[in-house]
Amino acid sequence: MWRRLQSAVMPEAVRSLLERLREDETQAASVRERLLELEPEAVVPPLRSVLQGGDAKWKAVVLSRVVAEMPEDMVLELGPDLLFLALNPSVADQDEGVDELAEELLNRMFHQ
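For every chain, the first residue of the written sequence is number 1, and numbering continues from 1 onward in sequence order. Confidence filtering applies because this is a predicted model: local features only for residues at pLDDT of at least 70, side-chain atom pairs given and counted only at 80 or more, and all residues used for totals across whole chains, interfaces and linings. Heavy atoms from the whole structure form the basis of all side-chain values; hydrogens and water molecules are not counted.

A. Focus on the pattern of salt bridges. Between Lys or Arg on one side and Asp or Glu on the other, a salt bridge is scored when a side-chain nitrogen of the former is within 4 Å of a carboxyl oxygen of the latter. Scanning the entire structure with this criterion turns up 5 salt bridges. Measuring nitrogen to oxygen at the nearest pair gives 2.8 Å for the salt bridge that ties R22 to D55. Within this pair, whereas R22 is found in helix 1 (residues 2-23), its partner D55 is found in the loop between helix 3 (40-51) and helix 4 (56-65), the two being separated by 33 residues in sequence. Relative accessibility decides the category of a residue: with a 1.4 Å probe and only protein chains considered, values under 20% of the type maximum give buried, values over 50% give exposed, and everything between is partly exposed. Owing to a relative accessible area of 39%, R22 belongs among the partly exposed residues under this scheme. Its relative accessible area of 27% is what places D55 among the partly exposed residues. With a closest N to O distance of 2.6 Å, R48 and D81 form a salt bridge. With R48 in helix 3 and D81 in helix 6 (residues 79-87), this pair connects stretches of sequence that are 33 residues apart. For R48, a relative accessible area of 25% puts it in the partly exposed group. Three or more residues joined by partner-sharing salt bridges are found here, namely E19, R22 and D55. Each helix corresponds to a stretch of at least 4 residues labelled H or I by DSSP, and each strand to a stretch of at least 2 residues labelled E; elements are numbered beginning at the N terminus.

So this is what it looks like as structure tokens:
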């Protein structure tokens, strides 16, 4: 029962942390630390939601300040999303450097 309740509550808590980051990117270190305390299955879906969304600035902040500092196994979970952003960026994504950040993360994953 606790596991089901936790899995329902955690994504919402993660979304709340990401929203805090969206409003004030100076909180990146605090948000990142809190996210790393959680299970990957609670963190990855909300991150994926941001990366698949339309806010290029938020994507750039999440990639550069959160995903870039995450353990490789968690970044690997986002691999398909990173590949899509690197190969199919919107104009706004290009303006914010999202495509370059995604490509850099992919390169780091596969060229260590």
